[in-house]
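# Results of the structural survey
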Amino acid sequence: MTAQETFEALAARFPQFELEYVEGKDPAVLVKGENLLELAQHLKTEEGYDYCASVTGVDYEDRFEAVYHLYSTNKKGGPVILKVLAAREDPEVPSVVSIWPGANWQEREVWDLMGIRFTGHPDLRRILMWEGFEGHPLRKDFPGMKDEYTFSQPSGEQEHD
Amino acid sequence: MTELKTDTITVNMGPQHPSTHGVFRLILTLDGETVIDVEPVVGYLHRNHEKIGELNNWIQNTPFTDRLDYISPMSNEFAYVLAVEKLAEIEPPERARYIRIIMVELNRIVNHMIVVGFLLNELGCFFTPMFYCIRWRELVMDLYEMTAGSRMMPNYFWIGGVAADLPPRFLPECKELVAALPGFIDELERLITDSEIVQMRCKNVGVLPPDVAVAYGCTGPLLRASGVPYDIRRAEPYSIYDRFDFDVVVGTVGDVYDRYLVRIEEMRQSVRIVEQALRDLPEGETATPKKRKFMPPEGDVYHRIEAPKGELGFYLVSDGSEQPYRYKIRAPSFVNLQALPYMCKGYKIADVVVNIGSIDITMGEVDR
């Protein structure tokens, strides 16, 4: 099934979700955050997309985009790609860990580096940066380019003389 | 008889522990010798690879990917250049495609040799099997060195081809190696597979049922050992994998022993693929004309390959400039490691290290 056909089937099944088709080399389905879980559950149980390969976030400066790449271990063929938009200020996307437990660490990584909060995540802590680190380094406005970043000690630890 | 007072204790393992495959920490909750819970703590090797990747230009990122999973640099480069080629719609010449397959499958053999060697290390058989395997890895490294000039950080794959044609010595030496490898793999199996100690330590240890493996997003030999015949080379053939004849190896139980057997058999299958690629290797160009300034069109792509450790995917976003706008790596070790707590619960402390070895992680790729 091509991405276009997958999208049409999903749009016919969930007309109330107002899904959008995103053109591109890898065409995607744009879904609203509040409808993500229901759509994801349908894709997993009805369509057999049991494997969530990748969860990632992109900072487009005016908005954040969470991107999901879903595959099936039983069927051949390409992925279903879901995209969810999130506001630039305090971005929030529902967590899909209850549907694909394998998304756990990847969502933590996106929270850690990109600062998208996954609501309903069982254990949303930093994973790669240290505890007490401030900011989200993969954001485009994070200092770090051209030595703008100054290192600060994590709170609770004493500085060495 | 008085009842024994028991209590669980929490033990910290790592980050500097000889068997943790890098700087990697585990917080173990123990009831005597039995593991109740495991919490992996990662990030000690984090250098924000993805942010640096956004500052590099597209071409500079190819050698940078070598530093992810440093055991299999060719596979990392392969995944990255395929993703960029998909984005920019570049078709590499036929000869380059075959050379890439030869390099990547040799890399899989190297990776599995190291895993098998380290697994025996973790079982307490220090370094004799390891060096036995590494001896063969050296022969592959020699091939890399004569072709790319570097053994571990080859920077051999280019966007649109490979950096240089094979040197004249490569083909005879590679053919000799490929002819000798099956004999060595048989020998390795004779030494390890039937060993009673290996069987007692590995059979029914760290069992990962197929549904759990899929739920955790496991890929690669870890998933196939659980009996799920999912190999991206088959499920979504990329490059020219649809031209080769090979079997997808699966296990039955999903324990450490099955993961070992799957890797041994995958080495044999990789030998088969290299043999076919050497047989069919065409003459001709090895790269499309190189550009000093490479700027792919706007868009986003995800491309994944079956790396030796599992699904290695690159999600790239281009805004039409010289640098990637987003450069995300879906690392197999990082995702597979999530299954570790499940695999360790209920087994002994000594099995934790064996389980880590059987997942096959490289911290360079987990922490990025």
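Further up the page is the structure itself.
If you're wondering where the values come from, they're calculated on a predicted model, not measured in any experiment.

### Here's the deal with the overall build of chain A
The helix and strand tally for chain A stands at 3 helices and 8 strands. Element order for chain A, N to C, with α for helix and β for strand: α-β-β-α-β-β-β-β-α-β-β. Counting all 161 residues of chain A, 52% fall into the buried class. Long-range pairs, those at least 24 residues apart, make up 45% of the contacts in chain A with a sequence separation of at least 6. For chain A, the exposed surface amounts to about 8000 Å²; the carbon and sulfur share of it is 46%.

### Section: the overall build of chain B
When helices and strands are counted, chain B shows 15 helices and 8 strands. Here chain B has a C-alpha radius of gyration of 21 Å; the compact-globule value for 368 residues is 21 Å, and the two agree. In chain B, buried positions account for 61% of the 368 residues. For chain B, restricting intrachain contacts to residue pairs at least 6 apart in sequence, the fraction spanning at least 24 positions comes to 72%. As displayed, chain B has an accessible area near 13800 Å², and 54% of this comes from carbon and sulfur atoms. Once the 39 positive and 52 negative side-chain charges of chain B are each reduced to a mean point, those two points are 3 Å apart.

### Describing the packing of aromatic side chains
All names here are of chain B. Applying the stated rule across the entire model yields 22 aromatic pairs over all chains. Judged by centre distance (6.0 Å) and plane angle (85 degrees), the rings of Tyr98 and Phe244 are edge-to-face. Placement of Tyr98 in helix H4 (residues 94-122) and of Phe244 in the loop between helix H10 (232-235) and helix H11 (256-280) is noted, with a sequence separation of 146 residues between them. Each member of the pair, Tyr98 together with Phe244, is buried. Seen from their ring centres, Tyr257 and Tyr260 are 6.1 Å apart, and the 35 degrees between their planes marks the pair as tilted. Residue Tyr257 and its partner Tyr260 are both found in helix H11; the two are separated by 3 residues, about one turn of the helix.

### Regarding the packing of H11 of chain B against helix H14 (residues 349-359) of chain B
Residues and elements named next belong to chain B. Contact geometry for H11 and H14: axes closest at 10 Å, N-to-C directions at 30 degrees. When the interaxial angle is binned, H11 and H14 end up roughly parallel. As H11 packs across H14, the resulting crossing turns out to be left-handed. Across the interface between the two elements, Val256, Arg259 and Arg263 of H11 pack against Val354, Asn355, Ser358 and Ile359 of H14. In terms of residue class, the contact of H11 with H14 is built from 3 nonpolar, 2 polar and 2 charged.

### Considering the interface of chain A and chain B
Opposite the 42 residues of chain A that make contact, chain B presents 43 residues. Buried area between chain A and chain B, both sides added, is near 3600 Å², and the carbon and sulfur share of it is 55%. Between Arg125 of chain A and Glu39 of chain B there is a salt bridge whose closest N-O contact spans 3.0 Å. Taken together, the links from chain A to chain B amount to 22 residue pairs in polar contact (both at pLDDT 80 or more). Mapped onto the side of chain A that touches chain B, the elements with two or more residues apiece are strand S3 (51-59), strand S4 (64-71) and helix H3 (103-114) of chain A. Looking at the side of chain A that touches chain B, its residues break down into 20 nonpolar, 11 polar and 11 charged.

### A few points about the pattern of salt bridges
The full count for this structure, using the stated rule, is 43 salt bridges over all chains. Where Glu54 of chain B meets Lys140 of chain A, a salt bridge forms, and the shortest distance between an N and an O atom there is 3.1 Å. Linking Glu54 of chain B in helix H1 (residues 49-55) with Lys140 of chain A in the loop between strand S7 (117-119) and strand S8 (143-146), this pair reaches from one chain into another. Relative accessible area serves as the criterion here: at 6%, Glu54 of chain B is assigned to the buried category. Ionic contacts of the salt-bridge type, sharing partners, join the residues Glu105, Arg108, Arg224, Asp231, Arg233, Glu266 and Glu306 of chain B into one network.

### So, the packing of helix H3 (residues 73-88) of chain B against H4 of chain B
Residue and element names in this part refer to chain B. The contact between H3 and H4 brings their axes to 8 Å, and the two run at 140 degrees. With respect to H4, the element H3 is oriented oblique. With respect to the hand of their crossing, H3 and H4 are arranged in left-handed fashion. Between H3 and H4, the contacting residues are Pro73, Met74, Ser75, Phe78, Val81, Leu82 and Glu85 on the first element and Arg100, Ile101, Met103, Val104 and Asn107 on the second. Classifying every residue of the contact of H3 with H4 gives 8 nonpolar, 2 polar and 2 charged.

### Re helix H6 (residues 170-192) of chain B
Residue and element names in this part refer to chain B. When the terminal C-alpha atoms of H6 are compared, their 31 Å separation across 23 residues agrees well with the 33 Å that a helix rising 1.5 Å per residue should span. At Leu181, H6 shows its largest kink, close to 30 degrees, and the proline Pro182 lies no more than four residues downstream. Listing the buried residues of H6 in full gives Phe170, Cys174, Leu177, Val178, Leu181, Phe184, Ile185, Leu188, Glu189 and Ile192.

### Considerations on the pairing of strand S5 (residues 80-86) of chain A
Residues and elements named next belong to chain A. Within S5, 6 of the 7 residues are buried, which leaves the element mostly enclosed by the surrounding structure. As judged from the 2 bridges shared by strand S2 (residues 28-30) and S5, these two strands associate in the parallel manner. Counterpart to Val29 in the pairing with S5 is Leu82. As judged from the 7 bridges shared by S4 and S5, these two strands associate in the antiparallel manner. Across the sheet, the residue bridging to Glu65 is Leu85, located in S5.

About the cut-offs
- Residues numbered from 1 in each chain as written.
- Chains lettered and ligands numbered in written order.
- Predicted model: local features only at pLDDT ≥ 70, side-chain atom pairs only at ≥ 80, totals over all residues.
- Heavy atoms only, no water.
- Helix = DSSP H or I, 4+ residues; strand = E, 2+ residues; numbered from the N terminus.
- Buried < 20%, exposed > 50% of the residue type's maximum accessible area, 1.4 Å probe, protein only.
- Contact = heavy atoms within 4.5 Å.
- Areas by Shrake-Rupley, 256 points an atom, 1.4 Å probe, with all protein chains shown as cover.
- Rg over C-alpha atoms; globule rule 2.2 N^0.38 Å.
- Lys, Arg positive; Asp, Glu negative; His and termini not counted.
- Charge placed at Lys NZ, Arg CZ, Asp CG, Glu CD.
- Phe/Tyr/Trp six-rings, centres within 6.5 Å; stacked < 30°, edge-to-face > 60°.
- Axes fitted to C-alpha atoms, helices over the stretch in contact; angles between N-to-C directions.
- Parallel < 35°, antiparallel > 145°, perpendicular 65-115°, else oblique.
- Left-handed = near helix turned anticlockwise from the far one by under 90°.
- Nonpolar A, V, L, I, M, F, W, Y, C, P; charged D, E, K, R; others polar.
- Buried area = accessible area lost by both parts, 1.4 Å probe.
- Salt bridge = Lys/Arg side-chain N within 4 Å of Asp/Glu carboxyl O.
- Polar contact = N/O pair within 3.5 Å; in protein donor to acceptor, adjacent residues only side chain to side chain.
- Expected span 1.5 Å × (residues − 1).
- Bend = angle between axes of the 7 residues up to and from the residue.
- Pairing = 2+ DSSP bridges.

Any functional reading would require information that these geometric values do not contain.
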